Amino acid sequence: MTQTADQITTPQHSVEGFVQDFLRELQFGQGMSMSRASTNDQYLALARTVRTHLMSRWLRTLDHQRDVQAKSVAYLSAEFLLGRQLGNALLATDLEEIVEEGLASLGIDLQRLRSMEKEPGLGNGGLGRLAACFIDSLATMNIPCIGYGIRYEYGIFRQTFVDGWQVEKPDAWLAQGSPWEFPHPEAAVTIGFGGRTEASTVDGRLVTRWIPDWQVQAVPYNYMVPGYHNGRVNTLRLWSAAATESFDLSIFNAGDYSAAVRAQTAAENISKVLYPEDSTPQGKELRLQQQYFFAAASLKDFLDNVLPEGFDLHRLDERIVFQLNDTHPVIAIPELMRILLDEKGWDWDEAWALTQRCFAYTCHTLLPEALEVWSVELLGRLLPRHLEIIYRINEDFLAEVHTAYPDDELRVRRMSIIAEHPERAVRMAYLATVAGTKVNGVAELHSQLLRDKVLQDFSEYMPEKFTNVTNGVTPRRFVRLANPRLSSLITEAIGDGWVTDLDRLRELEPLAEDAEFRRRFREVKAANKTRLVDLLKVRDGIEVSPDSMLDVMVKRLHEYKRQTLKLLHVVSLYDQVRRGDLAASDITPRTVTFGAKAAPGYKMAKQTIGLINAVGRTINADPVLEGRLRIAFPANYNVTLAERLIPAADLSEQISLAGKEASGTGNMKFALNGALTIGTDDGANVELRQLVGDENFFLFGLTEPEVAEIVEKGYRPTSFYESNATLRHALDLIASGAFSDGDRRTFEPIVSNLLYEDRFLVLADFQAYLDAQLVVERAYADPDAWARSAVLNVARSGFFSSDRSMRDYLDRIWHAEAAPVPTA
Ligand code: 26W
């Protein structure tokens, strides 16, 4: 008999009930008495107690979904950068107060237990965190969604600094086990690789079969994705690779035990580690294996396990839309074709028509080098049948294009899914564009540039496919959880509806004119700073003055994001003071805070980390600055640190070269937490500035068309160096070895890059940036006026809720509807 909703028991929702449940988990789940339990035991028992509350909702959600069969969104993403789970689970279940009180009655501090949790760092940066925000919003909006991804055994590396240089350490986030995952080895699916294809004729029809020569098991691990106070818990299903039994056995039986173990290791390697490259694909075979592994497992899971038995696949698009988070899961497209053609016996046209209705593609970049291509050699070796299918898709598509533009052979060649140079390779973005219902960029400017530049031929040929959905962030994690003080202040003023309807922050606008409200707003910011100062002291041994302006640049380290521009500002101030051109007492006390990981193979980025730390070491110790300008660079920036840093920030640095940052999402988090932004006209900064108003945003720098013109004409960085003494002095100071014990070679590559190669025009924007920083200082000198602007930033940034992003996806792309889960 299947369980029905009314049979699912709900755990107790009272302090006494909680204490009972917690002690039971500690003793009988964890096997520990109160007196012997470590803090980690207590954390695990608490996590298990809280997850029980989610589990009853989860079961009810699954029952409900089985009964109503509403259309679901399958979010396919190689990365989900979730952050810690406990706080979010407490928030979703409204258990915060009960748990805090219950634990206190046992003499246990909730915050201490929360700090035990290792965050699952299963993503690199923006793209992975966006996926986590999106599934949070879908659950909260009662949209049936299943997230599909990879359960990496090692997430993004742990960054340490040795003499200021980045040294990567493995992130063994599962070492103590995770109470938030539910393995289902019994539901494993088998995924094939390699081998060959075989064509034959059956009843006069040509049929093809793929005979892989090796296989792995994909074992699902389920995670709960709770909606906020709404009784829904969606599922995130992450796949872990394991050796197949039969595969092992055959080798084992052949007597080669060590070969069998090696095979097992090879299989498990697939989900071993997250590739730490953000935006420079290395074309590694293991990465393609990862992509096919999770894409194929997810499709099979949905078709075989989620759909009811006997479902008519012709109507698949009524039940599902597969959203492709960048090109990483695009191999799912030929995989669905293969299933329909080879396993279900459909003919090409009907398979293709259905496939084209089931996928949509989001592009997250503008950098040409970040667009993924797979060499035909590798793809053909690993997935021979898929390559055949891709060739056929391309052939049909190019024939169509040829018919549309009979005299434009060049255009036809440009649009080929197969690139010919420098080697034959499959352009995954083109495949996704041809096969999907929709292609979207992640901010207005980005979507425009996709249409006009990156995918111009495609947008001319099929303009209706192209759309924009501006990114967003979840207000639950990034305001309500991360900034409890601001949340209370807001709720006191306008009620708590904003948590699920962020546009209501608009109601704060009049309060920007209320002196008492501004005073309390400043109190909140000051308290958040103190909290951060305390954290940095114990976490990193860094001393920060809570009275200085907290100027924050946190994001992956990448040349296009221009951390060196921020650093040149600092070096230039230091240099001016040293020369006596600027009195230290005229500097606004500031703590320039960086957080950034560099891809381990990205030399220039790692050098930049070395330089930031070197400059920090020097200026933090030099009495000439009277302690008024300091650098803080805590290692290992992650979601957990972001949640502490962002609420404390005064100034948010969003200074990428115009036309390079697809959207940015940190920019949104800062604005929602009452920081002001200094930024270029790039990505979602454009929309942010339009919303908060020019007078509440520090704009500087070249615009995208200006950048394009300079690049077209030939960028000459030395002309800026020669004509600008401030800039020259700053660069010369670095080149002189002032930050490297007199060794001129240490940072020479950075200096000569800026002077002779830099694709991101740092020197061209230098003076404009310094000027804008002066405007910042003048504004900061009037704390009350600054607070007015900060309140307006909060009040006018509600648009950046990922709930709004989800509504846009639903209206423009997915066409799915809310399915409220009946509560017990
Ligand atoms: C190694 C291959 C590779 C290529 C691209 C890995 C990762 C990528 C991503 C597309 C990089 C990424 O995270 N892009 C960011 O996506 C965010 C969410 O849309 C945007 O806010 C950022 O602007 C964009 O850089």
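Residues numbered from 1 in each chain as written. Predicted model: local features only at pLDDT ≥ 70, side-chain atom pairs only at ≥ 80, totals over all residues. Heavy atoms only, no water.

Okay, the nonpolar core next. Within the largest apolar cluster, 148 residues are counted, with the highest numbers of intra-cluster contacts made by Leu46, Ile191, Phe293, Leu316 and Trp814. Top element by residues in this core is helix H9 (residues 285–306). It accounts for 10 residues. Those residues in contact with leucine 316, other than ones at most four positions away along the chain, are Phe302, Leu303, Leu307, Phe311, Leu336, Leu354 and Cys358. Leu657, Ala671, Ala684 and Tyr715 belong to the second-largest nonpolar core, a separate cluster that totals 106 residues. (Core = buried A, V, L, I, M, F, W, Y, C linked by side-chain atoms within 4.5 Å. Buried < 20%, exposed > 50% of the residue type's maximum accessible area, 1.4 Å probe, protein only. Helix = DSSP H or I, 4+ residues; strand = E, 2+ residues; numbered from the N terminus. Contact = heavy atoms within 4.5 Å.)

It is worth spelling out the pairing of strand S21 (residues 590–595) at this point. Of all the six residues making up S21, six are buried; the element is thus mostly covered by neighbouring parts of the structure. A two-sided burial pattern is seen for S21, the buried positions comprising Arg590, Val592 and Phe594 on one face and Thr591, Thr593 and Gly595 on the other. Handedness of the crossover is the feature at issue here: the chain leaves strand S20 (residues 549–554), passes through helix H22 (residues 563–579), returns alongside S21, and the resulting connection is right-handed. Where S21 meets strand S22 (residues 629–632), four bridges bridge the pair, whose relative direction is parallel. (Right-handed = clockwise from strand over helix to strand, strands pointing away. Pairing = 2+ DSSP bridges.)

This brings us to the domain arrangement of the protein. You can read the domains of the protein as domain 1 (69–84 + 119–470 + 810–814) and domain 2 (481–800). Inter-centroid distance (C-alpha atoms) of domain 1 to domain 2 is 35 Å. Counting from both sides, the interface comprises 38 residues of domain 1 and, opposite them, 45 residues of domain 2. Buried surface at the junction of domain 1 and domain 2, summed over both partners, amounts to about 3,200 Å²; 60% is from carbon and sulfur atoms. Remark: the boundary between domain 1 and domain 2 carries three salt bridges. The partner of glutamate 704 in a salt bridge is lysine 453, with the nearest N and O atoms 2.8 Å apart. Here domain 1 and domain 2 share 15 residue pairs in polar contact (both at pLDDT 80 or more) between them. Looking at which element gives the most residues to the side of domain 1 that touches domain 2, the answer is helix H17 (residues 444–454), with five residues. In terms of residue class, the side of domain 1 that touches domain 2 is built from 14 nonpolar, 13 polar and 11 charged. (Domains from an automatic or database assignment. Buried area = accessible area lost by both parts, 1.4 Å probe. Salt bridge = Lys/Arg side-chain N within 4 Å of Asp/Glu carboxyl O. Polar contact = N/O pair within 3.5 Å; in protein donor to acceptor, adjacent residues only side chain to side chain. Nonpolar A, V, L, I, M, F, W, Y, C, P; charged D, E, K, R; others polar.)

The next point concerns the sheet that holds strand S17 (residues 425–427). The strand order across the open sheet built from three strands is S15-S17-S16, with neighbouring strands paired in antiparallel fashion. Each edge of the sheet is formed by a strand with only one pairing partner; in this case those strands are strand S15 (373–375) and strand S16 (418–419). The pairing of S15 with S17 spans three bridges and is antiparallel. If you follow tryptophan 374 over to S17, its bridge partner there is valine 426.

With that out of the way, let us pick up the site of the ligand. In the neighbourhood of the ligand, 21 residues make up the surrounding shell, with His364, Asn471, Glu661, Ser663 and Gly664 lying closest. At 3.4 Å, a backbone N or O of alanine 662 approaches an oxygen atom of the ligand. With the chains in place, 97% of the 570 Å² that the ligand exposes on its own is no longer accessible. Cavity membership is defined here by more than half of the atoms lying within 2 Å of grid points; on that basis the ligand lies in the largest cavity. (Near = heavy atom within 4 Å. Areas by Shrake-Rupley, 256 points an atom, 1.4 Å probe, with all protein chains shown as cover. 1 Å grid on protein atoms, 1.4 Å probe; cavity = no way out; pocket = protein on both sides within 12 Å on 5 of 7 lines; lining within 4 Å. Sits in = over half its atoms within 2 Å of the grid points.)

Overall, the coordinates contain 10 cavities of 30 Å³ or more when judged by the stated rule. When its volume is computed, the largest cavity comes out at roughly 910 Å³. Surrounding the largest cavity, 49 residues form its lining, Gly125, Gly126, Leu127, Asp278 and Lys561 being those nearest its centre. Elements with a minimum of two residues in the lining of the largest cavity: helix H6 (126–140), helix H24 (639–645) and helix H25 (666–672). If you tally residues by element for the lining of the largest cavity, the top one is H6, at four residues. Volume-wise, the second largest cavity comes out at about 160 Å³. Surrounding the second largest cavity, 14 residues form its lining, Leu82, Gln85, Asn88, Ala132 and Val225 being those nearest its centre. Breaking the lining of the second largest cavity down by element, the ones donating at least two residues are H6 and strand S11 (214–226). Across the lining of the second largest cavity, the residue classes break down as eight nonpolar, three polar and three charged. (Points joined across faces, edges and corners; volume = space filled by probe spheres on them.)

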